[in-house]
Amino acid sequence: METMETITTALTTAITSLGTSLQSAIGANLTAILSVAAIFIVVPAVWGFVKRFTR
């Protein structure tokens, strides 16, 4: 029974660490994706604003 517990504990630890690394990877990439998206949204908005006021 002890080996089963060891295997279960090892699996749980592996899954937990995998989940944590996945979360941190997604979190890091999400920040980059959001900043790129923000640039693509903000630049045309500012451009439209500038064009409207310079006419």
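It should be noted that the structure appears before, not after, this text.
Undergrad: Is there a simple way to think about the overall build of the chain in this case?
TA: Counting secondary structure elements, the chain contains one helix and zero strands. In terms of overall size, the chain is more extended than a compact globule, its C-alpha atoms giving a radius of gyration of 24 Å where 55 residues would be expected to give roughly 10 Å. Counting only C-alpha atoms, the chain reaches 80 × 10 × 5 Å along its principal axes. Expressed as a percentage of its 55 residues, the buried residues of the chain come to 0%. Split by element, the accessible area of the chain, about 5100 Å² in all, is 76% carbon and sulfur.

Undergrad: Explanation requested: a nonpolar patch on the surface in the structure shown.
TA: Taken together, the side chains of Ile41, Val42, Val46, Phe49, Val50 and Phe53 present a nonpolar region at the surface, about 630 Å² in accessible area. Overall, the relative accessible area of 46% leaves Val46 in the partly exposed class.

Undergrad: What am I meant to see in the environment of Ile33 here?
TA: Along the chain, the position of Ile33 falls in helix H1 (residues 2-54). Relative accessible area serves as the criterion here: at 54%, Ile33 is assigned to the exposed category. Spatially, the C-alpha atoms of Ile33 and Leu11 are 32 Å apart, while their sequence positions differ by 22 residues.

Undergrad: Looking at this structure, how should I read the environment of Thr3?
TA: Tracing the sequence through the fold places Thr3 in helix H1. What makes Thr3 exposed here is its relative accessible area of 60%. Along the primary structure Thr3 and Val42 are separated by 39 residues, whereas in three dimensions their C-alpha atoms are 57 Å apart.

Definitions and cut-offs
- Residues numbered from 1 in each chain as written.
- Predicted model: local features only at pLDDT ≥ 70, side-chain atom pairs only at ≥ 80, totals over all residues.
- Heavy atoms only, no water.
- Helix = DSSP H or I, 4+ residues; strand = E, 2+ residues; numbered from the N terminus.
- Rg over C-alpha atoms; globule rule 2.2 N^0.38 Å.
- Buried < 20%, exposed > 50% of the residue type's maximum accessible area, 1.4 Å probe, protein only.
- Areas by Shrake-Rupley, 256 points an atom, 1.4 Å probe, with all protein chains shown as cover.
- Patch = residues over 30% accessible without salt bridge, like charges linked within 9 Å, V, L, I, M, F, W, Y side chains within 5 Å.
- Salt bridge = Lys/Arg side-chain N within 4 Å of Asp/Glu carboxyl O.

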